[in-house]
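Structural features, examined
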Amino acid sequence: MPKNALRQYLELLKNSGIKELYRAESNKLNILTKLHDKYAICTKCPLHVGRIRFVYGEGNADATAMLIGEAPGEQENISGRPFVGAAGQLLDKMLIAINLQRSDVYITNIVKCRPPGNRNPEANERLACIPYLVEQIQIIQPKILLILGLVAAQTLFDNTNTLQWHRDKVHEFMGIPAYVTYHPAALLRNSNWKPPAWQDLQVFQKEYEKLR
Ligand code: URA
């Protein structure tokens, strides 16, 4: 805008009583922090009843990669942070194995409040919470997604196919390439799945290295 026009515009605003202008927030972390605070009192689904903490997500707001799990568990509900329990500790090791730190990526879940007894989140709960995830993706604009486990995969790709079916393909969510692997909690239950999970991680790492 030419200087004169800008001066005239500001003059116009001043004359109409507008004395202050605010710059739109451009820091992604600040935006996410504000949204966390706004949504932390959400009552859109029954999961809010058992909520101690709303587990929005955490990590690098400018991350190339976003990791998406299923739902907070007991430790996450207490701490307000995703993947901090036993599955989270394994996830940290999985990341280190592909040269990543937790702080390199952004980690979140399909639903942000803990389902009672760690049951799978119901369809209505997932549907209520998905807009928060979509908004997180819009803000962070990751270049690659790693989807952890069957529930997250079936939710995002809107099907009832097996984990194997999901692992065999590269998917897209909101136009972003998405890779599916075992949920770390499943790997804790059955260590036979660790070798195929390691293969998935290596494929993911190769793509990640190309994109970052
Ligand atoms: N399992 C998940 O899917 N997410 C967490 O945050 C913790 C355990």
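Residues numbered from 1 in each chain as written. Predicted model: local features only at pLDDT ≥ 70, side-chain atom pairs only at ≥ 80, totals over all residues. Heavy atoms only, no water.

**Re the pattern of salt bridges**
Under the defined criterion, the tally for this structure stands at 8 salt bridges. Measuring nitrogen to oxygen at the nearest pair gives 3.1 Å for the salt bridge that ties D92 to R102. You can see D92 sitting in helix 4 (residues 86-97) and its partner R102 sitting in the loop between helix 4 and strand 3 (106-109), a full 10 residues away along the chain. Residue D92 is classed as partly exposed on the basis of its relative accessible area of 26%. One salt bridge connects R167 with D200, and the closest N-O pair in it is separated by 2.7 Å. Highlighted residues: R167 in helix 7 (residues 163-167) and D200 in helix 9 (residues 194-211), separated in sequence by 33 residues. Of the two residues examined, R167 and D200, each falls in the buried class. Residues joined by salt bridges that share partners form a network here, namely E58, R81, D92 and R102. (Salt bridge = Lys/Arg side-chain N within 4 Å of Asp/Glu carboxyl O. Helix = DSSP H or I, 4+ residues; strand = E, 2+ residues; numbered from the N terminus. Buried < 20%, exposed > 50% of the residue type's maximum accessible area, 1.4 Å probe, protein only.)

**Some thoughts on the pairing of strand 2 (residues 65-69)**
Among the 5 residues of strand 2, 5 are classified as buried, and the element is accordingly described as predominantly covered. Residues of strand 2 alternate between two faces, with A65, L67 and G69 on one and M66 and I68 on the opposite face, all of them buried. Two elements, strand 2 and strand 4 (residues 144-148), share 4 bridges in a ladder whose sense is parallel. Paired with I68 across the bridge in strand 4 is I147. With 4 bridges connecting them, strand 2 and strand 3 associate as parallel partners. Residue pairing in the sheet places I68 in a bridge with T108 of strand 3. (Pairing = 2+ DSSP bridges.)

**Brief notes about the sheet that holds strand 3**
Strand order in this open sheet of 6 strands is 1-3-2-4-6-5, and the pairing throughout is mixed. Only two strands of the sheet have a single partner each, and these edge strands are strand 1 (58-59) and strand 5 (171-173). Packed onto the sheet, helix 9 meets strand 2, strand 4 and strand 6 (176-181) and runs at close to 165° relative to strand 4. (Contact = heavy atoms within 4.5 Å. Axes fitted to C-alpha atoms, helices over the stretch in contact; angles between N-to-C directions.)

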